[in-house]
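A structural walkthrough
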Amino acid sequence: MSPFKFPVINSLLHSELRLKIMVALDSLESADFTYLCEITDSTRGNVSIQITTLKEAGYIEVSKTGIGRFSHTVCHITRKGHDSLLAYEQGLRQMFEQQVPLQDLKQHESR
């Protein structure tokens, strides 16, 4: 049995839209909902769902002002979110930089 293992990748951040939102917030520290929709080229519904998922994970904080159509939503990345994003990036880099060991053909022929 090979001791080699790929690093574990955070599946929550592996979603394209959630990853885009997290990278934007990590770069900007905060962004409003409309701007996140624009830069991710996503619908309000899709961004809303992903923001909820990230908020429930503790990766972002969401603040709202106003009521109904006139509300203004701003998202902020949390320390946990920043650390998780950094670990995700490092895991991907490690995965691409690792040398996967050649398998021992004799081991697999005997099966």
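Our subject in this report is the structure included herewith.

Residues Ile21, Met22, Leu25, Leu36, Val47, Ile51 and Ile60 are the most contacted members of the largest nonpolar core, which totals 20 residues. With five residues, helix 1 (residues 16-28) is the largest single contributor of residues to this core.

Judged by pairing direction, the sheet is antiparallel, and its three strands sit side by side in the order 1-3-2 without closing on themselves. Each of the sheet's edge strands pairs with one partner strand only, and the pair in question is strand 1 (30-32) and strand 2 (60-65). When the angles between neighbouring strand axes are averaged without regard to direction, this sheet yields 20 degrees. Pairing geometry for strand 1 and strand 3 (residues 72-77), over three bridges, is antiparallel. Each residue of the ladder has a partner; that of Asp32, found in strand 3, is Val74.

Moving on, we come to the pattern of salt bridges. Counted by the stated rule, this structure contains three salt bridges. Between Glu16 and Lys20 there is a salt bridge; the shortest N-O distance is 3.0 Å. Taken together, the residues Glu16 and Lys20, both in helix 1 and four residues apart, mark about one turn of the helix. For Lys20, a relative accessible area of 36% corresponds to the partly exposed category. Ionic pairing is found between Arg93 and Glu89, a salt bridge with its closest N-O pair at 2.9 Å. One end of the pair, Arg93, and the other, Glu89, are both in helix 4 (residues 79-97), four residues apart, so they sit about a helical turn from each other.

Parameters at a glance
Residues numbered from 1 in each chain as written. Predicted model: local features only at pLDDT ≥ 70, side-chain atom pairs only at ≥ 80, totals over all residues. Heavy atoms only, no water. Core = buried A, V, L, I, M, F, W, Y, C linked by side-chain atoms within 4.5 Å. Buried < 20%, exposed > 50% of the residue type's maximum accessible area, 1.4 Å probe, protein only. Helix = DSSP H or I, 4+ residues; strand = E, 2+ residues; numbered from the N terminus. Pairing = 2+ DSSP bridges. Axes fitted to C-alpha atoms, helices over the stretch in contact; angles between N-to-C directions. Salt bridge = Lys/Arg side-chain N within 4 Å of Asp/Glu carboxyl O.

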